[in-house]
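Residues per chain are reported as follows:
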Amino acid sequence: MDFVSRITRSPRPFDPEQGREARALFPGLAADMAEVIEGAGGCSPYLKSLAETERDWLPGALDAPEVATEALMKALSETPPDGLGSALRQTKRRVALLTGLADLAGVWPLETVTETLTRLADRACDLAIKAALQPEIRRGRLPGMTEDDLADAAGFVALAMGKMGAHELNYSSDVDLICLFDETRFEPLEAHAARSAFVRATRKMCAMLSDRTGEGYVFRTDLRLRPDPSVTPVCLSMAAAESYYESLGRTWERAAYIKARACAGDETAGARFLAHLRPFVWRKHLDFAAIEDAHNMRLRIRAHKGLHGELSLPGHNMKLGRGGIREIEFFTQTRQIIAGGRDPDLRVRGTVEGLEVLAAKDWVPKDVAAILVARYRQHREVEHRLQMLRDAQTHSLPTSTEEFDRLSAFMGMERAAFERDVHARLEEVDQIIEAFFAGDATGKASAKPATAVPGAAPEEVSAVEFDTEVMARWRSYPALRTQRAGEIFNRLRPDLMARLARASNPQEALLAFDGFLAGLPAGVQVLSLFEANPQLIDLLVDIVGTSPALAAHLSRNADVFDAVIAGDFFAPWPGRSALEQGLAAKLAIEPDYERKLDTARRWCKEWHFRVGVHHLRGLIGPDEAGQHYADLASAVIGAIWPEVVAQFARKHGPPPGRGAVILGMGSLGAERLNALSDLDLILIYDADGAEGSDGPRPLATRPYFARLTQAMITALTAPMAEGRLYEVDMRLRPSGNQGPVATSLQAFREYQENQAWLWEHLALTRARVVTGQQDLAEDVEAFRNTLLSRSRPLESVLEEVAAMRARVAAAKAPDGLLDGKIGPGRLQEVELIAQAGCLLAGAHSGGTAQGLQAGVDIGWLNDADRSALGAAHALCWQILQAARLLSEKPLSPETLGKAGAAFLLREAGAESVPALITRLKEVTGQAAGVIDAVLAGYGKDKGDAT
């Protein structure tokens, strides 16, 4: 079998089994080097010249190509600096020849070929820069550095970008580098001298790699990806580069850094720099504005390279042309940029790897990803063959018949079949990419870009007379003040107005949307999100037209829409444990305490929004919503508490004794929160004989836990860049506001046994440990159970309950006709009776239904009483949950709005607002009558319980 037959018999794409067959034949090529040389010349004059030059070395390498490659790399590392240039060129010739033959014969798949070439480039850059730095150090031009510092290149690092960064170097690639140095290795006054030395060394490194000599060259180097290359030196300080990206970095530079990695020099410092740059590359919110940026960049490249027009094979650029390699890379990187800030799994360098993980995470349809992966590999193979022909950095298909015949033979195909195959692949990729940027791609990967929104107003809009004065003021809002935001909004407006016109009350929806738009501090990101995901506009119209409170929240926190399209927004509720684990995992990867707190706020807002949307759309009822809000709050406390303790311990040492627990009281303890609930908390600690902490700044036990409690309150309540988590109320602690913010277990026991008011024991019926040390939590719960199990005289309990009811009624009147919480027979009064039932029955804890049943069990209430109280509580709870979701203000029939009223009536099971008010009066009146009866004769005020 002749050489050409041997190297073209392997099928494409690479098949592992037939690759093994090819490997078995591969050493046989060494039997007749004349045939190898002649056959190589038939395919590639460049390969022929390499084979002639290395005819003595090649036979042994063919026997074991991987071993030969490793031996070449090792020999390079042992080469003295004065012989490095020659050694690098010889190694490049041999690696190029070996990878070329292994690729052509089907012995190595594409990934092995590109990885081998990339490893050589990494080694060459590392050795070249260290050789260039050695004379600089010897001459004292790098202040404070000695030859021992050559091990990490004295703080110099080369970042591999593009294909080199992704381990995807092709046969004749340039290597794209950004060269930096760690300025912290030098005194401030020495940094300028150090920079000059690093600039000289960088230029020497590039010359060693790029200059053509009689022995050839190693790699062409390109340093133009650095910040502002027309005015900056070839080597920058890390601080200068970071400052540039933070203030001036553009979308294409973010995309470039997806593939960046430290490849030479001080790789530790390079990894640290890339970690600092992570917020620039990976935005914390879904970034659909990147679609338009990438689309515009793509069009600019086409215009600059003259690549417009019909797809024609002669001279077609396989890298930059229609359907080419760069199109697939743009598609992949744009999707990574959009979602990679939220999902670290998407932060991979390789194009194939990126497509595979995007498909696995449902950001790209699996069939689309499979097609693009296959086409990418096939395009890269054609690119390799083009470059093997004459060692030229070309990406263009031949224009001559002779060269096209040669390339077809190189691909192991007849020319006609090869042309049909390549043309079909290019067309297929072009259609997929155009669909993506034109907004017609299927599945979750679809994105509606600039040109996809209809230009004419839909018919629905013409049938509605919208308030033109409202729409006229939109241009004055902060969200639309920039030109780009205005352009996106103009494209969105026809679709938006059509959706508003379809609302049950278009004028209400318009005014609600106006309020949302007025509250947006900026518009590009949010409007791009709507443009790429038009289904979100329906959700927005639904929310703003129904719930002013949720709409106001959206204006301030529009990024919560990310959660809707991030995958599992409508999945079943995961429960507290899974929530807490998920948040803890996110906090663990954040580098500092402030970022942890902001991450917790961002995470909490998204889940809180999810509960509200599920409730608003009827996916869950008021009881489920109450449980979900409570799960969320408990998960936040459970995940934040260890972070607060760890941060506090850095300064003052770990908690002395057995640590502390956080007791949830009120609605949190009962696990029935609403959309606006604050958190009632008590912190209990047990020093267990310890007098203080052991740390850099130790504290005595009492001030330690008092300050730790304040730190926890601050972590939950402090307004930060991402807002606050919750409001916290500590007034239910022993002695209320007059008592210490943290209570020792011993003091808690003594107070509850000897000093507590009865209302405080009533409050303990709804208490539970939310987080903290497990053994201490068990002791607190055991004490609570013992305390509540004690027998109490009926008369004294009911006297106090009656007095409490009277004081509450005197202190606050109901807020309107739809107040479900305050008033005779309403939520607060029924829950007071239920707590009294628990206390009288010696029940440790329970919800309202369990407390009312306990009252029946001891004969205080009868079944009719329980039914009347339960009915009132259920209706009031439904109204309260709806009210807190709809507005931060008391509900008023006059301002409720049509959509808000529909939601309220659905929740309460009523036909109209007047009918609901009538029913509320009836059931709460009955409940108030029951409470009057069971407390009749008990009303003496025994003291102020508040």
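Preceding this paragraph is the structure being described.
Described below are features of the structure shown in this document. (Residues numbered from 1 in each chain as written. Predicted model: local features only at pLDDT ≥ 70, side-chain atom pairs only at ≥ 80, totals over all residues. Heavy atoms only, no water.)

Topic: the overall build of the protein chain
A tally of regular secondary structure across the protein chain gives 42 helices and 10 strands. Out of the 946 residues in the protein chain, the part that is buried amounts to 57%. Residue pairs in contact within the protein chain that sit at least 24 positions apart in sequence constitute 75% of those at least 6 positions apart. Entry remark: accessible area of the protein chain is about 38200 Å², with carbon and sulfur atoms responsible for 51%. (Helix = DSSP H or I, 4+ residues; strand = E, 2+ residues; numbered from the N terminus. Buried < 20%, exposed > 50% of the residue type's maximum accessible area, 1.4 Å probe, protein only. Contact = heavy atoms within 4.5 Å. Areas by Shrake-Rupley, 256 points an atom, 1.4 Å probe, with all protein chains shown as cover.)

Some thoughts on the pairing of strand 5 (residues 261-265)
Among the five residues of strand 5, five are classified as buried, and the element is accordingly described as predominantly covered. In the sheet, strand 1 (residues 156-160) pairs with strand 5 via four bridges, with the strands oriented antiparallel. Bridge pairing links A160 to R261 in strand 5. (Pairing = 2+ DSSP bridges.)

Some details on the environment of R484
The residue R484 is located in helix 23 (residues 483-501) in this model. Put simply, R484 and V524 are 40 residues apart on the chain and 6.9 Å apart in space, counted from C-alpha to C-alpha.

Digging into the nonpolar core
Generally speaking, nonpolar side chains in soluble globular proteins are found buried as a group. Among the nonpolar cores identified, the biggest contains 114 residues, and W474, F513, F530, F561, V636 and I640 are the most heavily contacted of them. Considering every element that reaches this core, the biggest residue donor is helix 31 (residues 622-652), with 14 residues. Residues in contact with F530, not counting those within four places in the same chain, are L492, F516, L536, I537, L540 and F561. Counting 73 residues, the second largest nonpolar core, distinct from the first, contains A51, A87, A124 and F156. (Core = buried A, V, L, I, M, F, W, Y, C linked by side-chain atoms within 4.5 Å.)

Some details on the side chain of R658
Note that R658 resides in the loop between helix 31 and strand 6 (660-665). In terms of polar contacts, R658 uses its side chain to reach the side chain of D779, at 2.8 Å. Discounting residues that sit within four places of it in the chain, R658 has contacts with D686, A687, D688, L745, Q773, D775, L776 and D779. (Polar contact = N/O pair within 3.5 Å; in protein donor to acceptor, adjacent residues only side chain to side chain.)

A look at the pattern of salt bridges
Using the criterion set out here, one finds 54 salt bridges in the structure. D343 is the partner of K361 in a salt bridge, and the nearest nitrogen-oxygen pair spans 2.7 Å. On the criterion of sequence distance, the pair formed by K361 in the loop between helix 17 (351-360) and helix 18 (366-390) and D343 in the loop between helix 16 (325-339) and helix 17 is long-range, its members being 18 residues apart. Across the pair E829 and R805 runs a salt bridge whose closest N-O atoms are separated by 3.0 Å. One end of the pair, E829, is in helix 38 (residues 827-841); the other, R805, is in helix 37 (residues 794-811), and 24 residues separate them in sequence. In this structure E829 comes out as buried when scored by relative accessible area, which is 11%. (Salt bridge = Lys/Arg side-chain N within 4 Å of Asp/Glu carboxyl O.)

Structural notes on the side chain of Q387
Structurally, Q387 is set in helix 18. Within the local environment of Q387, its side chain forms a polar contact with the backbone oxygen of T394, the two atoms lying 3.3 Å apart. If we ignore the near neighbours within four places in the chain, the residues touching Q387 are N170, Y171, S172, S173, A392, Q393, T394 and H395.

Re the packing of aromatic side chains
Tallied over the entire structure, the rule returns 16 aromatic pairs. When the centroid spacing of 5.5 Å and the interplanar angle of 80° are considered together, the rings of W474 and F513 count as edge-to-face. Of this pair, W474 sits in the loop between helix 22 (468-472) and helix 23 while F513 sits in helix 24 (residues 506-519), and the two are 39 residues apart along the sequence. Across this residue pair, the class does not change: W474 and F513 are buried. The interplanar angle of 70° and the centroid separation of 5.9 Å between the aromatic rings of F748 and F783 together place this pair among those described as edge-to-face. A residue pair is termed long-range when its members are at least 10 positions apart, and F748 in helix 34 (residues 745-754) and F783 in helix 36 (residues 774-789) qualify at 35 residues. For the pair shown, F748 and F783 are each scored as buried. One cation-aromatic arrangement involves K92 over F219; the distance from NZ or CZ to the ring centre is 4.4 Å. The ring of W877 has R672 sitting right over it, with the charged end atom 4.1 Å from the ring centre. (Phe/Tyr/Trp six-rings, centres within 6.5 Å; stacked < 30°, edge-to-face > 60°. Lys NZ or Arg CZ within 6 Å of the ring centre and 35° of its normal.)

Topic: helix 17
Most of helix 17 sits inside the fold, with seven of its 10 residues counted as buried. Along helix 17, the residues that are buried comprise T351, V352, G354, L355, V357, L358 and A359. Within two residues after helix 17, D362 carries a phi angle of roughly 65°, on the positive side.

Here we look at unusual backbone geometry
Even without a glycine there, the phi angle at A154 is positive, about 55°. Turning to its location among the elements, A154 is positioned in the loop between helix 8 (110-138) and strand 1. The exposure class of A154 is buried, given its relative accessible area of 0%. Not every positive phi belongs to a glycine, and D362 is a case in point at roughly 65°. For D362, a relative accessible area of 42% puts it in the partly exposed group.

Structural notes on the packing of helix 16 against helix 17
Where helix 16 meets helix 17, the closest approach of the two axes is 10 Å, and the angle between their N-to-C directions is 50°. It follows that helix 16 is oblique to helix 17 by the angle criterion. Helix 17 is crossed by helix 16, and the crossing has left-handed handedness. Between helix 16 and helix 17, the residues in contact are I328, E329, F331, T332, R335 and Q336 and T351, G354, L355 and L358, respectively. (Axes fitted to C-alpha atoms, helices over the stretch in contact; angles between N-to-C directions. Parallel < 35°, antiparallel > 145°, perpendicular 65-115°, else oblique. Left-handed = near helix turned anticlockwise from the far one by under 90°.)

Re helix 36
With 16 residues, helix 36 extends 22 Å between its outermost C-alpha atoms, agreeing within 8% with the 22 Å of an ideal straight helix rising 1.5 Å per residue. Among all positions in helix 36, only L776, A777, V780, F783, R784, N785, L787 and L788 are buried. Those residues of helix 36 that are buried are in contact with strand 6, strand 7 (679-685), helix 34, helix 35 (758-764), strand 10 (768-772) and helix 38. (Expected span 1.5 Å × (residues − 1).)

Comments concerning the packing of helix 30 (residues 593-616) against helix 31
For the pair helix 30 and helix 31, interaxial distance at closest approach is 10 Å and the crossing angle is 175°. Viewed along their axes, helix 30 and helix 31 adopt a mutual orientation that is roughly antiparallel. Every residue of helix 31 that contacts helix 30 at Y593, K596, L597, A600, W603, C604, W607, H608, V611, G612 and H615 is listed here: P622, A625, H628, Y629, L632, A635, V636, I640, E643, V644 and Q647. The residue inventory of the contact of helix 30 with helix 31, partitioned by class, reads 15 nonpolar, five polar and two charged. (Nonpolar A, V, L, I, M, F, W, Y, C, P; charged D, E, K, R; others polar.)

Re the environment of L142
Relative to the assigned elements, L142 resides in the loop between helix 8 and strand 1. Of the residues examined, L142 reaches a relative accessible area of 1% and is grouped as buried. L142 sits 51 residues away from A193 along the chain, and the two C-alpha atoms are 7.0 Å apart. The contact partners of L142, leaving out residues within four places of it in the chain, are L133, E136, I137, A154, F186, A194, A197 and F198.

A look at the environment of N862
Tracing the sequence through the fold places N862 in the loop between helix 39 (848-857) and helix 40 (863-886). For the pair N862 and L852, spaced 10 residues apart in sequence, the C-alpha to C-alpha distance is 9.4 Å. For N862, the side chain forms a polar contact with the main-chain nitrogen of A864, separated by 3.0 Å. From its side chain, N862 meets the backbone nitrogen of D865 in a polar contact 2.6 Å long.

Examining the pairing of strand 6
Within strand 6, six of the six residues are buried, which leaves the element mostly enclosed by the surrounding structure. Side-chain alternation along strand 6 places A660, I662 and G664 on one buried face and V661, L663 and M665 on a second face that is also buried. Where strand 6 lies against strand 7, six bridges are found, and the strand directions are antiparallel. Residue pairing in the sheet places A660 in a bridge with Y685 of strand 7. Pairing of strand 6 with strand 10, which is carried by four bridges, proceeds in the antiparallel orientation. Bridging across to strand 10, V661 finds its partner in G772.

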